[in-house]
Amino acid sequence: MDFNYTEEQLALQDTLRRFYARDYAFEQRRALAKSAEGFSRPAWKTFADFGILALPFHEDFGGLNGNAVDTMLVMEMLGRGLALEPYVPTVALCGGLIRDAGNTAQKEALLPAIAGGELMLALAHFEPGARYEVDRVATTATASGSGWQLDGTKAVVLGAPSADKLIVSARDGKGLSLFLIDAKAPGVTLRAYPTQDGARAADIRLSKVAVGADALIGTAGGALPVIERAIDYANAALCAEAVGIMSALNEVTLEYLKTRKQFGVPIGKFQALQHRMADMVIATEQARSMATLAAVRVDSTDAVERSRSVAAAKAYVTQSARLVGQQAVQLHGGMGVVDELNVAHYFKRLTMIGLTFGDADYHLGKFSDTLLAA
Amino acid sequence: MDLNFTAAEQSFREEVRNFLRAKLPADISRKVLGGKRLEKDDFVRWQQILHAQGWGATGWPVAFGGTGWNAVQQHIFDEECADAGAPLQLPFGLKMVAPVIMAFGNPAQQQRFLPRIIDGSDWWCQGYSEPGSGSDLASLKTRAVRVNSPEGDHYVVTGQKTWNTLGQYADWIFCLVRTSTEGRQQEGISFLLIDMKSPGIEVRPIIMLDGEHEINEVWFEDVRVPVQNLIGEENKGWTYAKFLLGHERTGIAGVGRSKRELKKLKDIAKKETANGRPLIEDQRFRDRIAQVELELMALEITNLRVISAEGEKKRAPGPEASILKIKGSEIQQMLTELQMQTLGHYALPWIDDALDADWAGDAMMEAYADHAAPLSGRYFNVRKTTIYGGSNEIQKNIISQMILGL
């Protein structure tokens with residue numbers, strides 16, 4: 001057993017930490033969130049230079065052969081920095097899908113472009129009314145000539161407004177399939193909007209979208225296990241992001257307890273608040289353990305073990321994040337609910353992580369169901 | 001012991017319902033029930049309608065134009081108003097400064113200010129907290145120096161107030177100011193009424209985490225305030241302030257509003273789906289709704305017990321009000337959190353236009369129902385409820401000290 005990061009990993013962590021301190025301070029981030037695109041293209045280029053866009057891909061396709069623990073450490077830093085860039089949609093979700101299911105031609109065409117920061121992607125999978133159920137897809141793929149025609153509606157597609165290409169899930173006679181389409185293809189309509197945490201997403205309508213045979217990623221009708229794996233991978237990444245935010249929130253809250261004076265003393269002198277802060281630190285350490293478990297297990301070839309571990313981690317981390325987020329706001333008093341401090345923004349991002357790709361109840365239920373099988 | 005409403009109380013409820021059906025403007029109730037933005041005019045219009053009915057101030061004695069209703073009647077009124085989607089009657093004039101003016105103001109002040117509060121002419125806001133004085137309010141530093149002058153004796157006020165709710169609309173602000181730095185902090189505070197149009201006052205917006213402008217900083221630079229606007233005696237303001245905080249805590253249980261929001265939560269949970277079935281059929285989620293409902297059932301009765309006891313003793317609410325504030329705020333937070341949770345991924349979009357009353361919906365987002373837009377923002381916004389009005393930590397101090405003697 002070894003809980004240490006390698007020197008390489010620590011160096012990457014340090015690089016990202018310095019980047020966020022120097023080039024992505026809170027005020028810059030606030031301005032970016034309000035800008036038209038909602039994130040920084042230069043930051044994306046910098047990500048490419050750092051190699052983090054290449055991290056989870058094989059070296060044959062311009063990748064760095066990284067594992068999910070590498071992704072964990074990146075996500076933790078992106079969490080701390082309150083990154084607005086669509087890293088999870090492009091690298092974790094779509095990059096993961098192409099890596100796992102794409103053919104050689106697709107990998108050669110797409111993965112180096114992602115790694116180089118030239119290509120952004122979004123996964124158009126979840127649908128209105130489907131809540132968090134991964135297999136509830138009504139979008140259809142109808143055979144047409146040598147290819148298909150896609151029709152349907154996709155909900156809250158993260159990163160879609162800036163995506164060059166979309167990976168769309170659709171149902172044909174056999175099951176779920178994945179298709180790579182141009183985001184501006186005829187028949188694709190986006191309704192873009194900001195999200196509560198300052199990022200961007202869109203609802204998407206697909207109307208008679210014609211795709212060729214080469215658009216299919218993986219086998220026709222066989223996409224469900226691939227999508228499940230990608231969502232697990234994204235959830236493990238979100239757990240790590242949440243842990244990064246929780247650690248940052250604990251730091252700013254501790255600082256506030258030490259400096260904010262009322263009744264002639266720093267408020268951190270009050271035992272009620274000391275114990276609250278201690279609870280937040282305990283919750284964060286426990287959450288970190290679960291995020292680590294998820295990162296290690298998400299690369300497992302045993303799908304049952306992988307899914308079970310990620311569900312456990314996402315449920316637990318979300319519960320912990322709720323406690324830490326709410327209490328960080330409470331301990332900051334009025335300063336916790338204003339737009340001009342990072343506390344509220346960390347809190348909002350934590351809340352939205354908890355509602356993305358399954359909330360705490362969904363994942364608790366998923367984990368709980370595995371008890372019956374045991 | 002009888003938990004049923006009497007026949008007289010039932011018929012009173014009917015009377016209130018009939019009034020609301022006839023007089024509550026539909027455009028206003030649609031906004032309230034739909035979680036849309038309210039304008040200043042919505043609050044003012046509703047106050048004027050209530051006043052025309054003789055119900056402008058349900059908590060005031062008849063002598064000042066109030067209804068003279070007992071606690072149970074007020075409770076019924078609050079509950080029916082909330083259920084019908086009436087806007088909250090903002091507490092700053094009616095429930096905060098007015099009781100202070102009645103108890104400690106002179107007849108001239110009572111005649112000058114109270115009629116304009118009850119008929120909606122004057123919008124009041126609160127000048128209590130300062131950047132360095134929140135929970136430790138008595139440490140406040142905004143100075144008021146008395147100047148005797150042939151044009152009229154006055155105070156000159158300098159300092160900064162914060163967490164001022166809706167002061168951007170206000171005609172008047174009631175302020176705690178420091179008139180002495182000798183002796184205990186509490187003994188150098190006075191209670192001043194200040195015209196917001198006075199030269200030297202600047203209102204600076206504070207944007208909250210939900211993106212809305214609901215609170216402000218108010219800066220005072222050499223603001224002249226006639227001595228006639230001092231309430232009671234100089235340096236006795238802390239006594240009046242504590243009296244006022246006791247009044248603020250009673251309405252804060254918000255039972256009526258929370259009952260309405262619980263109903264809304266159940267409605268949404270019937271519309272949203274999980275596993276192809278209405279979300280309310282999901283037992284894990286339904287249990288969460290049930291748990292909040294238990295809390296609210298208990299609070300409703302606790303609230304009635306506390307206000308009935310006050311009615312009998314004819315006194316301002318005591319430290320028990322802290323229980324109402326703590327539980328009331330926690331329940332509000334739980335309800336908004338569950339409402340947000342019903343939406344799944346649709347909790348994420350932030351569609352600002354959708355909070356406007358005339359938002360026509362979006363054909364591209366049919367599944368993003370009209371009810372969805374305000375819910376996440378509400379959850380973020382009501383984090384304030386455990387912070388304001390004396391944070392819940394301060395309320396627990398009050399319970400520990402005043403009830404338990406610890």
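Structure: see above.
In this text, all values refer to a predicted model and were calculated from it rather than measured experimentally.

Conventions used here
Residues numbered from 1 in each chain as written. Chains lettered and ligands numbered in written order. Predicted model: local features only at pLDDT ≥ 70, side-chain atom pairs only at ≥ 80, totals over all residues. Heavy atoms only, no water. Helix = DSSP H or I, 4+ residues; strand = E, 2+ residues; numbered from the N terminus. Rg over C-alpha atoms; globule rule 2.2 N^0.38 Å. Buried < 20%, exposed > 50% of the residue type's maximum accessible area, 1.4 Å probe, protein only. Contact = heavy atoms within 4.5 Å. Areas by Shrake-Rupley, 256 points an atom, 1.4 Å probe, with all protein chains shown as cover. Lys, Arg positive; Asp, Glu negative; His and termini not counted. Charge placed at Lys NZ, Arg CZ, Asp CG, Glu CD. Buried area = accessible area lost by both parts, 1.4 Å probe. Nonpolar A, V, L, I, M, F, W, Y, C, P; charged D, E, K, R; others polar. Salt bridge = Lys/Arg side-chain N within 4 Å of Asp/Glu carboxyl O. Polar contact = N/O pair within 3.5 Å; in protein donor to acceptor, adjacent residues only side chain to side chain. Phe/Tyr/Trp six-rings, centres within 6.5 Å; stacked < 30°, edge-to-face > 60°. Lys NZ or Arg CZ within 6 Å of the ring centre and 35° of its normal. Pairing = 2+ DSSP bridges.

1. A word on the overall build of chain A
Here is step 1: Each helix and strand counted, chain A has eleven helices and ten strands in total.
Here is step 2: For a compact globule of 374 residues, the expected C-alpha radius of gyration is about 21 Å, and chain A comes in at 21 Å, within 12% of that figure.
Here is step 3: In terms of principal-axis extent, the alpha carbons of chain A reach across some 80 × 50 × 40 Å.
Here is step 4: In chain A, buried positions account for 60% of the 374 residues.
Here is step 5: Long-range contacts, defined here as pairs at least 24 residues apart, represent 73% of the contacts in chain A between residues at least 6 apart.
Here is step 6: If you sum the accessible surface of chain A, you get close to 14600 Å²; carbon and sulfur atoms cover 55% of it.
Here is step 7: For chain A, the distance from the average site of its 37 positive side-chain charges to the average site of its 41 negative ones is 6 Å.

2. Focus: the interface of chain A and chain B
For interface size, the figure often reported is the accessible area lost on association.
Here is step 1: On the side of chain B, 50 residues touch chain A, which itself brings 50 residues to the contact.
Here is step 2: Note on chain A versus chain B: buried area summed over both sides is about 4400 Å², and carbon and sulfur give 56% of it.
Here is step 3: The set of elements that each furnish at least two residues to the side of chain A that touches chain B consists of strand S3 (147-158), strand S6 (188-194), strand S7 (200-211), strand S9 (261-262), helix H8 (271-297), helix H9 (303-331), helix H10 (342-354) and helix H11 (360-373) of chain A.
Here is step 4: Here the side of chain A that touches chain B is composed, by residue class, of 22 nonpolar, 14 polar and 14 charged.

3. What to know about the pattern of salt bridges
All names here are of chain B.
Here is step 1: Summed over all chains, the structure comprises 51 salt bridges over all chains.
Here is step 2: One salt bridge in this structure joins aspartate 153 and arginine 146, with 3.8 Å as the shortest N-O distance.
Here is step 3: Judged by its relative accessible area of 28%, aspartate 153 is partly exposed.
Here is step 4: On the basis of relative accessible area, arginine 146 is assigned to the partly exposed category, the value being 43%.
Here is step 5: Linking lysine 266 and glutamate 293 is a salt bridge whose minimum nitrogen-to-oxygen distance equals 2.8 Å. Residue lysine 266 is located in helix H8 (residues 255-271), and its partner glutamate 293 is located in helix H9 (residues 283-313); the two are separated by 27 residues in the primary sequence.
Here is step 6: For lysine 266, a relative accessible area of 25% translates into the label partly exposed.

4. Examining the side chain of asparagine 381 of chain B
Residues and elements named next belong to chain B.
Here is step 1: You can see asparagine 381 is positioned in helix H11 (residues 375-381).
Here is step 2: Here asparagine 381 falls in the buried class, since its relative accessible area comes to 1%.
Here is step 3: Within the structure, the side chain of asparagine 381 is placed 3.0 Å from the side chain of aspartate 210, a separation counted as a polar contact.
Here is step 4: What asparagine 381 contacts, discounting residues up to four positions off in sequence, is Met208, Leu209, Asp210 and Glu214.

5. Focus on the packing of aromatic side chains
Residue and element names in this part refer to chain A.
Here is step 1: What the rule picks out here adds up to 32 aromatic pairs over all chains.
Here is step 2: Ring centres of phenylalanine 47 and tyrosine 87 lie 6.4 Å apart, and the angle between their planes is 85 degrees; on these two criteria the pair is classed as edge-to-face. In this pair, phenylalanine 47 is assigned in helix H3 (residues 41-50) and tyrosine 87 in helix H5 (residues 87-101), connecting sequence segments 40 residues apart.
Here is step 3: The rings of Phe19, Tyr20, Tyr24, Trp44, Phe47, Phe50 and Tyr87 are connected pair by pair, giving a single aromatic cluster.
Here is step 4: In this structure, arginine 99 packs its charged tip against the face of tyrosine 233, placed 5.0 Å from the ring centre.

6. Some thoughts on the pairing of S3 of chain A
Residue and element names in this part refer to chain A.
Here is step 1: Note: strand S2 (residues 140-144) against S3, five bridges, orientation antiparallel. From the neighbouring strand, threonine 142 faces S3, where its bridge partner is glutamine 149.
Here is step 2: The antiparallel hairpin formed by S2 and S3 contains two residues in its connecting segment, where glycine 145 sits at a positive phi of about 60 degrees.
Here is step 3: In this sheet, S7 lies alongside S3 in antiparallel orientation, the contact comprising eight bridges. When the bridges of S7 are listed, tryptophan 148 appears paired with valine 211.

7. Examining unusual backbone geometry
Residue and element names in this part refer to chain A.
Here is step 1: Backbone geometry places valine 156, a non-glycine residue, at a positive phi of 45 degrees.
Here is step 2: Its place among the elements puts valine 156 in strand S3.
Here is step 3: Despite not being glycine, lysine 208 has its phi angle at roughly 50 degrees, a positive value.
Here is step 4: For lysine 208, the location among the structural elements is in strand S7.

Distances and angles like these do not, on their own, reveal function.
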